[in-house]
Amino acid sequence: MPDASPAVPRLLAPAQVAELLQIGVDEVIDLVHEGELRGVQLGSPARWRIEESSVEDYLVAQVEHSRRMALWRQSQVASFPEVWGPSTPHSI
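Residues numbered from 1 in each chain as written. Predicted model: local features only at pLDDT ≥ 70, side-chain atom pairs only at ≥ 80, totals over all residues. Heavy atoms only, no water.

Draft legend 1. Highlighting the overall build of the protein. For the protein, the helix and strand inventory stands at four helices and three strands. Helices and strands in the protein line up, N terminus first, as β-α-α-β-β-α-α. Partitioning the intrachain contacts of the protein with sequence separation of at least 6 by distance along the chain shows that 38% fall at a separation of at least 24. Total accessible area on the protein is roughly 7700 Å²; 58% of this is exposed by carbon and sulfur atoms. (Helix = DSSP H or I, 4+ residues; strand = E, 2+ residues; numbered from the N terminus. Contact = heavy atoms within 4.5 Å. Areas by Shrake-Rupley, 256 points an atom, 1.4 Å probe, with all protein chains shown as cover.)

Printed below as a string of structure tokens:
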């Protein structure tokens, strides 16, 4: 019978995450401190390790944020006639 113990998350070093995201190691640590990435300090001296799944979650969230920002920019470019239809002159 297979063991039903929960799977241990794969942990990555900040340098590995930095390479994947093409950002600096300090930026990775900042993302952990901001709660954007899930990480833990292990060992003595303590070294950061980041859950691989949180990197995937972060990327998904960034793609969604970019999509929403693109839609927002498109809505800001639309002129009022495009949105509300052509205006008719009002008689006084």
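Draft legend 2. Quick peek at the nonpolar core. Residues Leu12, Val17, Ala18, Leu21, Val28, Leu31, Val32, Leu37, Ile50, Val55 and Tyr58 constitute the largest nonpolar core, which totals 11 residues. Elements represented by at least two residues in this core include exactly helix H1 (14-21), helix H2 (25-33) and helix H3 (52-77). Beyond its immediate chain neighbours, meaning those up to four positions away, Leu21 contacts Val55, Tyr58 and Leu59. (Core = buried A, V, L, I, M, F, W, Y, C linked by side-chain atoms within 4.5 Å. Buried < 20%, exposed > 50% of the residue type's maximum accessible area, 1.4 Å probe, protein only.)

Draft legend 3. Representation of the environment of Arg47 in the model. Locating Arg47 in the fold gives a position in strand E3 (residues 47-51). We classify Arg47 as partly exposed; its relative accessible area is 48%. Expressed as a C-alpha distance, the spacing of Arg47 and Ala13, which sit 34 residues apart in the sequence, is 8.2 Å.

Draft legend 4. Structural context of a negative patch on the surface. Together, Asp26, Glu27, Asp30, Glu34 and Glu36 make up a negatively charged patch on the protein surface. Its place among the elements puts Asp30 in helix H2. (Patch = residues over 30% accessible without salt bridge, like charges linked within 9 Å, V, L, I, M, F, W, Y side chains within 5 Å. Salt bridge = Lys/Arg side-chain N within 4 Å of Asp/Glu carboxyl O. Lys, Arg positive; Asp, Glu negative; His and termini not counted. Charge placed at Lys NZ, Arg CZ, Asp CG, Glu CD.)

Draft legend 5. Broad picture of the pairing of strand E2 (residues 39-42). The pairing of E2 with E3 spans four bridges and is antiparallel. The residue of E3 that forms the bridge with Gly39 is Ile50. (Pairing = 2+ DSSP bridges.)

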